[in-house]
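# Coordinates in review
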Amino acid sequence: MMESKMMSNSTQYTVGIDVGGTFTDFYCAADGLAVTAKTPTTHYDLSVGFMQGMRQLAQAYKLSFATFLAQIGSLRYSTTVGTNVLIERNGPKLGLFTTAGFEDTIFIGRARSWADGLSLQQCRDQARIQKPEPLIEPEMVVGVRERLDCSGKVITPLQREDVLEKLQELVDKGAQGFVVSLLWSFINPQHEEMIREIIEDEYPEDYLGSMPVILSSAISPKAGEYTRTMTAVVNSYIHGVMSDEINALENELRDCGYTRPLTLVHNTGGTKKASRTRAVHTHNAGPVAGLHGAATLGRLNEENNLIFTDMGGTSFDIGLIEKGEIKTHEFIPVIDRWRTNIPAIEVKSIGAGGGSIAWINALMNNAMEVGPQSAGAMPGPAGYDQGGQDPTVTDADLVLGLYNPENYLGGEMLLDVDLACDVISEKIAGPLGIDPFEAAYRIRRLVDARMGHEVYNQVSLKGHDPRNFILLACGGAGGAHACGYSPYIGTQRILVPGQSSVFGAFGASTMQIKEVWERSRAIRMYNWAEQKYLQDLEVYNSVVTSMKESAIRDLKLEGYGENEICFKLELDMRYGSQYKLTSVEAPALFLKNSDDVSALCDSFTGRYSEIYSPEATFPSGGINVETFHLTATIVQPAPAPALQPVKSAGPKPAKAALLCQRPVYWNPQDGFVDTPVYDYSSLLSGNQIRGPAIVEAAQTTYVIAHGWSFTLDNWGNAIIEMATRPGGQSA
């Protein structure tokens, strides 16, 4: 934890919190200075680790806890409450209203719903693979007689008596909440809203208590019957538990002196008050916050193309910054085991982190595997000496000499090398017939290869050459493994932020108030057969007008005026009846004439060409708009990232920066080699270190492999480059 000078009573602190699977990270900025903290994630009650970290921040500023809380201007929280509810399956008993005849939709699922949310290894084991247990039991699904056509016109009116009969049936079976998802409700929500009114009239809050009624047309007004329904179901399932935990946390903060609203980070790339947040938008918010922090850091370092990677204790996250912007959104993102329709920013996560467990796969001729299982925070890796019995990546790094067992997390946690070596010997080295050091080396190489190949696939399959990007290595283990997985990607330049171990929290602290509104409307923008562009512009403009009015109304409830809102319109477009959609930013919110329609179609063609090449364009299929995405952001100065400038010096580090020479096992050929170990806090801007070397910081370790060089920049970030490039040219 980094301490700053004492602040004045007028200081306003911006705090970002990221709850991870192993650690909860904190980043606090004020007056150009920053403090970080890290506490083990307390899964039994997330508020315990949360409050511990907040007290550490107060201590760093030499303030009482109450005074510190009173001076917080913004508290931005990335929570895993909803994710935990899904993992533990401890949500409420729900009832689902759907159109009669379609009661089995969520149980039939999509063609590959059995594989959604599973790793490749699990998908291969087809003898054991099963569809997930449904969040709503079959007997809790009822069909009501009603029908709309594809344009939203009522064909069969909804009958109140039918709804009341089905409602009573669900209540008698113990329903604690209701989901309503009817056919074509994303075009016309009239029948869904009628069902909600009937439920609230028949069973007011003072009779049944707080039993939420969630409409699919409100949560996900998009085409796709299964994904729209599952979005509403998942939201309803985690809504109650999340509401209880967030309210309890807010009450605890208020009792201690905090007076402002708690702001939650969204997977759409923004933040909103907890009271205005849909539960489903908090899933995977931490990695999205990290990606947003990567964009912020890229602008500061004048780097427009970045590959964001974050290696934490449980997972490895991958995202892309293209031309300085976050442009990739997931098409139909998976939450746990279910496809949904939320407008989430795409951040790929795999089970590869410091806590990932190494194991022998008897079904694959005793091949060694790493992950996706994780030791988590409790018991954690064996070297934590908290009862862990499985070898992890952190144990391997410890056995290889890459970590200092007496200076892990700045000395706040002592590690036991012997315990780590024992579990690797017993469960990996013994079965493979090798010594524990070679086993640890193989564990490290395997996880590096897995991460590197995954990054390469994610970047190249989007039509990019990874060599044109700089690799941003974040997370507590990012600096220790970046030189290991970078060669698989093809990048030769790595940026490791000074705050990399708490980068998700750093990203959360820089995020703005933002939300995305969506509507599905199929509109033919260009008809190839008739060689005509869209003539009735009101069909298009009316959709945008409706979304804009909703955005203004919602953000006014947050306390912001219309003049403070900045709008951006993105469209999902495609040629003819193609399945895959391409996201395009519209040149303007509204269409004024045929030239605007032509410009929009040209934007789509240009974007499509960038991704798939000009030869892949298919204008003879016509050009369609399928979905509208309106992003509303509050226009206000971005919170200062509070990066401290580092004093400049020459390339040679001071003698005091060299801590010692430590034996490190770099490869089986050389065995242990005495390796210089440097103190990060003693390095100055411009200092250069050639590998092999180790640089120890308070909350992370930089491993500089053979052939790489480390340079500290003006903001305390590490620039790691290949010391020699192809052809023998110096970097």
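Everything below is about the structure shown above.
What counts as what
- Residues numbered from 1 in each chain as written.
- Predicted model: local features only at pLDDT ≥ 70, side-chain atom pairs only at ≥ 80, totals over all residues.
- Heavy atoms only, no water.
- Helix = DSSP H or I, 4+ residues; strand = E, 2+ residues; numbered from the N terminus.
- Polar contact = N/O pair within 3.5 Å; in protein donor to acceptor, adjacent residues only side chain to side chain.
- Contact = heavy atoms within 4.5 Å.
- Pairing = 2+ DSSP bridges.
- Axes fitted to C-alpha atoms, helices over the stretch in contact; angles between N-to-C directions.
- Core = buried A, V, L, I, M, F, W, Y, C linked by side-chain atoms within 4.5 Å.
- Buried < 20%, exposed > 50% of the residue type's maximum accessible area, 1.4 Å probe, protein only.
- Expected span 1.5 Å × (residues − 1).
- Parallel < 35°, antiparallel > 145°, perpendicular 65-115°, else oblique.
- Left-handed = near helix turned anticlockwise from the far one by under 90°.
- Nonpolar A, V, L, I, M, F, W, Y, C, P; charged D, E, K, R; others polar.

## Concerning the side chain of Asp 554
By secondary structure assignment, the location of Asp 554 is in helix α17 (residues 537-557). One polar contact links Asp 554 to Lys 272, side chain to side chain, over a distance of 2.8 Å. In this view, Asp 554 contacts Lys 272, Arg 276, Glu 515 and Trp 517; residues no more than four positions away in its chain are not counted.

## Remarks on the environment of Gly 82
Position of Gly 82 relative to the elements: it lies in helix α3 (residues 81-88). Considered as a pair, Gly 82 and His 239 are 157 residues apart in the sequence and their alpha carbons are 7.7 Å apart.

## Section: the sheet that holds strand β31 (residues 701-704)
An order of β27-β28-β30-β31 is seen for the four strands of this open sheet, with the pairing classed as mixed. Each of the sheet's edge strands pairs with one partner strand only, and the pair in question is β27 (658-667) and β31. For this sheet, the mean angle separating the axes of adjacent strands, direction not counted, is 30 degrees. Relative to strand β28 (residues 671-679), β27 runs antiparallel, the two sharing eight bridges. Within the sheet, the bridge partner assigned to Tyr 665 lies in β28 and is Phe 672.

## Side note on the sheet that holds strand β23 (residues 532-533)
Reading across the sheet, the five strands line up as β23-β22-β26-β24-β25 and stay open at both edges, with antiparallel pairing between neighbours. Edge positions in the sheet fall to β23 and β25 (582-585), since each of these pairs with one other strand and no more. Bridging between strand β22 (residues 514-527) and strand β26 (residues 623-634) involves ten bridges; their strand directions are antiparallel. Bridging across to β26, Arg 524 finds its partner in Asn 624. Packed on one face of the sheet, helix α18 (residues 594-612) meets β22, β23, β24 (565-575), β25 and β26 and runs near 130 degrees to β25.

## Focus: the environment of Leu 569
Looking at the secondary structure, you find Leu 569 in strand β24. The sequence separation of Leu 569 and Leu 589 amounts to 20 residues, and the corresponding C-alpha distance is 6.0 Å. Ignoring any residue separated from it by four or fewer positions in sequence, one finds Leu 569 in contact with Tyr 540, Val 544, Met 547, Val 584, Glu 585, Ala 586, Ala 588, Leu 589, Phe 628, His 629 and Leu 630.

## Thoughts on unusual backbone geometry
Cis rather than trans, the peptide bond between Gly 371 and Pro 372 has omega equal to 0 degrees. Mapping Pro 372 onto the fold places it in strand β19 (residues 367-374). Backbone torsion omega between Gly 691 and Pro 692 reads 5 degrees, so that peptide bond is classified as cis. As for its placement among the helices and strands, Pro 692 is situated in the loop between β29 (688-690) and β30 (693-696). Here the phi dihedral of Asn 284 falls at roughly 65 degrees; this positive angle occurs in a residue that is not glycine. Examined against the element boundaries, Asn 284 turns out to sit in the loop between β12 (271-273) and α11 (285-300).

## Quick word on the nonpolar core
Counting residues in hydrophobic clusters, the biggest one holds 77 residues, and the most contacted among them are Val 15, Met 54, Phe 68, Leu 75, Tyr 77, Phe 97 and Phe 178. Here this core gets eleven residues from one element, more than from any other, and that element is helix α10 (residues 225-255). Not counting the four nearest positions on each side in its chain, Phe 68 is found in contact with Tyr 13, Val 15, Cys 28, Met 54, Leu 57, Ala 58, Tyr 61 and Leu 63. By size, the runner-up hydrophobic cluster in this structure holds 73 residues, among which are Ala 440, Phe 469, Val 703 and Ile 720.

## Topic: α11
Its 16 residues give α11 an end-to-end C-alpha distance of 23 Å, which sits within 8% of 22 Å, the value for a rise of 1.5 Å per residue. Most of α11 is tucked away, with 14 of its 16 residues classed as buried. Phi turns positive one or two residues past the end of α11, at Glu 302, with a value near 55 degrees.

## Here's the deal with the packing of helix α1 (residues 46-60) against α10
Two numbers describe how α1 lies on α10: the axes approach to 11 Å, and their chain directions differ by 30 degrees. One finds that α1 runs roughly parallel with respect to α10. Read as a crossing pair, α1 and α10 show a hand that is right-handed. For the pair α1 and α10, contact is made by Leu 46, Ser 47, Phe 50 and Met 51 and by Glu 245, Leu 249, Glu 252 and Leu 253, respectively. Residue composition of the contact of α1 with α10, by class: five nonpolar, one polar and two charged.

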